Amino acid sequence: MFILGTSLANQVHATWQTYIMIIIYFIILLIIGYYGYKQSTGNLSEFMLGGRSIGPYVTALSAGASDMSGWMIMGLPGSVYSTGLSAMWITIGLSLGAYINYFVVAPRLRIYTEIAGDAITLPDFFKNRLNDRKNYIKIISGLIIVVFFTLYTHSGFVSGGKLFESAFGLNYHWGLIIVAAIVIFYTFFGGYLAVSITDFFQGVIMLIAMIMVPIVALIKLNGLDTFSEVAAMKPTNMDLFKGTTFLGIISLFAWGLGYFGQPHTIVRFMSIKSHKLLPKARRLGISWMVIGLLGAVAVGLTGIVFMPQYHIKMEDPETLFIIMSQILFHPLVGGFLLAAILAAIMSTISSQLLVTSISLTEDFYKLIRGEAKAKTHEKEFVMIGRLSVLLVAIIAIWIAWSPNDTILNLVGNAWAGFGAAFSPLVIFSLYWKGLSHAGALSGMITGALVVIVWIAWVKPLASVNEIFGMYEIIPGFLASVIVTYLVSKITKKPGEFVEHDLNKVKEIVKE
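The model shown is predicted, which means the values in this text are computed figures rather than measured ones. (Residues numbered from 1 in each chain as written. Predicted model: local features only at pLDDT ≥ 70, side-chain atom pairs only at ≥ 80, totals over all residues. Heavy atoms only, no water.)

## Quick notes on the environment of I358
- Tracing the sequence through the fold places I358 in helix α15 (residues 331–369).
- When the C-alpha positions of I358 and I120 are compared, they lie 8.6 Å apart, and in sequence the two are 238 residues distant. (Helix = DSSP H or I, 4+ residues; strand = E, 2+ residues; numbered from the N terminus.)

So, in structure tokens, the structure goes:
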């Protein structure tokens with residue numbers, strides 16, 4: 001994936017110390033998986049939502065780690081390295097979106113999902129909120145989760161394969177299989193509790209890595225004057241507004257719109273012990289996120305000077321962090337930093353696998369077997385949840401076997417799908433009593449379809465007109481909002497009980 005000068009080739013190749021660190025990391029994950037298996041997988045609620053007993057700090061870092069994924073450590077530095085500081089708009093949009101999410105969605109969703117029949121999935125909440133007796137909304141939203149999360153999960157497997165190919169010289173497919181095997185094990189057995197604890201552990205590793213690498217790189221180069229060298233090499237490198245277009249800035253900034261509808265992130269709000277703990281989670285979560293994203297940007301900028309100074313020719317910018325971490329540090333530390341990349345990758349894959357398996361079990365299998373069966377056959381449904389993890393992983397591995405796009409693009413497509421389909425619906429569900437069953441269903445479908453159509457047929461026309469290159473979440477989100485509102489206005493409302501529930505949620509939030 002990258003070509004090194006002969007003098008540095010041996011410094012980048014993994015050593016036995018590096019392998020030891022990675023093995024230790026894997027063992028810790030397996031131990032956590034076993035702990036989760038023993039502590040919190042006795043019934044479906046425990047396996048899928050940790051029994052709504054997760055603390056604020058685990059909530060915060062697990063939400064961040066599951067959200068950021070390999071794109072923060074590999075995709076974002078590579079994008080900054082290629083385009084300069086203007087790529088930072090995505091970090092601004094995401095940070096702002098995450099911050100607003102903690103205020104707008106988190107407290108109400110935590111309370112309302114419990115009031116609305118103790119819903120443990122987003123589709124289940126939509127069904128109960130809109131009195132969907134025929135389960136149309138539950139089935140369609142569950143289908144969207146399964147489709148987009150399978151694509152999202154495969155981007156994580158691509159990251160894992162790239163890591164092992166670049167850092168260890170291992171065949172891409174073997175790297176993919178190793179990552180998949182470890183993630184499947186602790187998710188399959190440990191469920192939500194194991195995933196949350198591993199995400200917390202992985203979040204700490206990621207934060208340390210994103211602080212260490214840029215700081216040591218600056219020390220090795222020319223201190224803060226390195227950024228002046230970056231600007232001298234190409235003026236647009238250090239300009240937030242140049243090197244891109246207005247539409248490009250809007251597209252990157254619009255990533256923040258997706259936060260309100262990401263199932264693997266907002267499920268953390270549903271599982272926290274109490275909505276009163278969310279302020280603690282917010283302070284830690286947003287601080288973690290901002291520091292991590294700024295660190296990723298700094299890696300990309302310092303890499304612009306680092307690569308030529310160390311006579312490295314790089315074919316894949318998304319391997320920048322890997323190269324710098326292995327050249328700058330002792331193999332033991334380098335192994336720790338490679339573990340940070342694995343942490344970013346695995347934390348997201350495990351969360352996505354779990355949410356998808358929850359949807360397959362709760363939103364599909366339970367409908368087939370019946371609600372009564374779910375209450376009397378808990379072990380059967382937990383096992384179906386585990387088998388769903390395995391099924392989705394196999395499909396994602398199959399798709400990832402022949403990667404044909406960058407990690408950032410793969411994540412961007414799935415992020416847009418969820419953001420357009422679910423973000424408007426989540427907000428309308430939590431705040432607007434006028435939302436109707438038909439409005440919710442039509443708006444959700446419209447958002448998802450617009451994203452798919454935009455990716456498949458509109459974006460290829462970007463060479464004709466720049467507007468067609470717009471990030472697909474923007475037209476998808478707007479179309480979903482408009483359709484949801486207009487259809488709700490002209491169709492029957494769900495009933496008076498909704499106004500009562502919304503008022504009750506509002507009162508509890510104020511307490």
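## Things to note about helix α20 (residues 473–490)
- Here α20 spans 26 Å end to end across 18 residues, near enough to the 26 Å set by a 1.5 Å rise per residue.
- Along α20, the residues that are buried comprise I473, I474, P475, G476, F477, A479, S480, T484 and S488. (Expected span 1.5 Å × (residues − 1). Buried < 20%, exposed > 50% of the residue type's maximum accessible area, 1.4 Å probe, protein only.)

## What about the environment of G142?
- Locating G142 in the fold gives a position in helix α8 (residues 136–168).
- In this structure the C-alpha to C-alpha distance between G142 and T83, which are 59 residues apart in sequence, comes to 37 Å.
- If we ignore the near neighbours within four places in the chain, the residues touching G142 are P123, S359, D363 and F364. (Contact = heavy atoms within 4.5 Å.)

## What to know about the side chain of T356
- Relative to the helices and strands, T356 is located in helix α15.
- Those residues within four positions of T356 in sequence are excluded, and the remaining contacts are I145, V146, F149 and V392.

## Describing the side chain of S62
- Examined against the element boundaries, S62 turns out to sit in helix α4 (residues 56–83).
- Within polar-contact distance, the side chain of S62 engages the backbone oxygen of V58 at 2.6 Å.
- One polar contact links S62 to R268, side chain to side chain, over a distance of 3.3 Å. (Polar contact = N/O pair within 3.5 Å; in protein donor to acceptor, adjacent residues only side chain to side chain.)

## Some remarks on empty space enclosed by the protein
- The tally for this structure, following the rule as stated, stands at three cavities of 30 Å³ or more.
- In terms of lining, the largest cavity is formed by 15 residues, of which the most central are A63, G64, A98, Y102 and M289.
- Counting only elements with at least two residues in the lining of the largest cavity, the list comes to α4, α5 (89–104), α12 (263–271) and α13 (278–309).
- Here the lining of the largest cavity takes five residues from α4, the largest share from any one element.
- Of the residues contributing to the lining of the largest cavity, the split by class is 10 nonpolar, four polar and one charged.
- When its volume is computed, the second largest cavity comes out at roughly 90 Å³.
- Around the second largest cavity sit I120, T121, L122, P123, I145, P263, I266, V267, M270, V355, I358 and S359, which together line it.
- With four residues, α12 is the single largest residue contributor to the lining of the second largest cavity.
- Partitioning the lining of the second largest cavity into residue classes produces 10 nonpolar, two polar and no charged. (1 Å grid on protein atoms, 1.4 Å probe; cavity = no way out; pocket = protein on both sides within 12 Å on 5 of 7 lines; lining within 4 Å. Points joined across faces, edges and corners; volume = space filled by probe spheres on them. Nonpolar A, V, L, I, M, F, W, Y, C, P; charged D, E, K, R; others polar.)

## Some details on the pattern of salt bridges
- By the definition in use, this model includes four salt bridges.
- With a shortest N-O distance of 2.6 Å, D199 and R268 are connected by a salt bridge. Highlighted residues: D199 in helix α9 (residues 172–220) and R268 in helix α12, separated in sequence by 69 residues.
- Judged by relative accessible area, R268 falls into the buried class, the value being 1%.
- A salt bridge links E472 to K459; the nearest nitrogen and oxygen atoms lie 2.8 Å apart. With E472 in the loop between α19 (437–458) and α20 and K459 in the loop between α19 and α20, this pair connects stretches of sequence that are 13 residues apart.
- Residue classification places E472 among the buried residues on the basis of a relative accessible area of 0%. (Salt bridge = Lys/Arg side-chain N within 4 Å of Asp/Glu carboxyl O.)

## Description of the nonpolar core
- Judged by nonpolar contacts, the single largest core of 152 residues is most densely connected at F157 and M346.
- A total of 18 residues in this core trace back to one element, the largest contributor, which is α9. (Core = buried A, V, L, I, M, F, W, Y, C linked by side-chain atoms within 4.5 Å.)

## A look at the layout of surface pockets
- In this structure, the largest pocket spans a volume of roughly 600 Å³.
- Contributing to the lining of the largest pocket are 24 residues, with S251, L252, N409, K459 and G469 lying nearest its centre.
- The set of elements that each furnish at least two residues to the lining of the largest pocket consists of α4, α11 (246–253) and α18 (407–431).

## Digging into the packing of α8 against α15
- One way to put it is that α8 packs onto α15 with a least axis distance of 9 Å and a crossing angle of 155°. Considered as vectors, α8 and α15 are oriented roughly antiparallel to each other. As α8 packs across α15, the resulting crossing turns out to be left-handed. (Axes fitted to C-alpha atoms, helices over the stretch in contact; angles between N-to-C directions. Parallel < 35°, antiparallel > 145°, perpendicular 65-115°, else oblique. Left-handed = near helix turned anticlockwise from the far one by under 90°.)

## Let's talk about unusual backbone geometry
- Even without being a glycine, D118 presents a positive backbone phi close to 55°.
- Checked against the element boundaries, D118 lands in the loop between α6 (106–115) and α7 (122–129).
- Its relative accessible area of 39% is what places D118 among the partly exposed residues.
- A positive phi angle, close to 65°, is found at N135, a residue other than glycine.
- Within the secondary structure, N135 sits in the loop between α7 and α8.
- Taking relative accessible area as the criterion, N135 reaches 13% and is therefore assigned buried.

## Let's talk about the packing of aromatic side chains
- Taken as a whole, this structure holds 18 aromatic pairs when the rule is applied.
- Taken together through their ring pairs, the aromatic side chains of Y112, F125, F126, F148, F149, F418 and F422 make up a single cluster. (Phe/Tyr/Trp six-rings, centres within 6.5 Å; stacked < 30°, edge-to-face > 60°.)

## Structural notes on α12
- Most of α12 sits inside the fold, with nine of its nine residues counted as buried.
- Residues of α12 that are buried include every one of P263, H264, T265, I266, V267, R268, F269, M270 and S271, and no others.

## Thoughts on the packing of α5 against α11
- Running from N to C, α5 and α11 cross one another at 35°; their axes reach a closest spacing of 7 Å. Like other packed secondary-structure pairs, α5 and α11 cross with a definite hand, here right-handed. Note on element contacts: α11 touches α5 through I249, L252 and F253, opposite W89, I90, I92, G93 and L96.
- Per-class residue counts for the contact of α5 with α11 are seven nonpolar, one polar and no charged.

## Quick notes on a nonpolar patch on the surface
- The grouping of L96, Y99, I100, F103 and F253 at the surface amounts to a nonpolar patch, some 430 Å² of accessible area in total.
- By residue number, the principal contributor to the nonpolar patch is α5, which donates four residues.
- The residue Y99 is located in helix α5 in this model. (Patch = residues over 30% accessible without salt bridge, like charges linked within 9 Å, V, L, I, M, F, W, Y side chains within 5 Å. Areas by Shrake-Rupley, 256 points an atom, 1.4 Å probe, with all protein chains shown as cover.)

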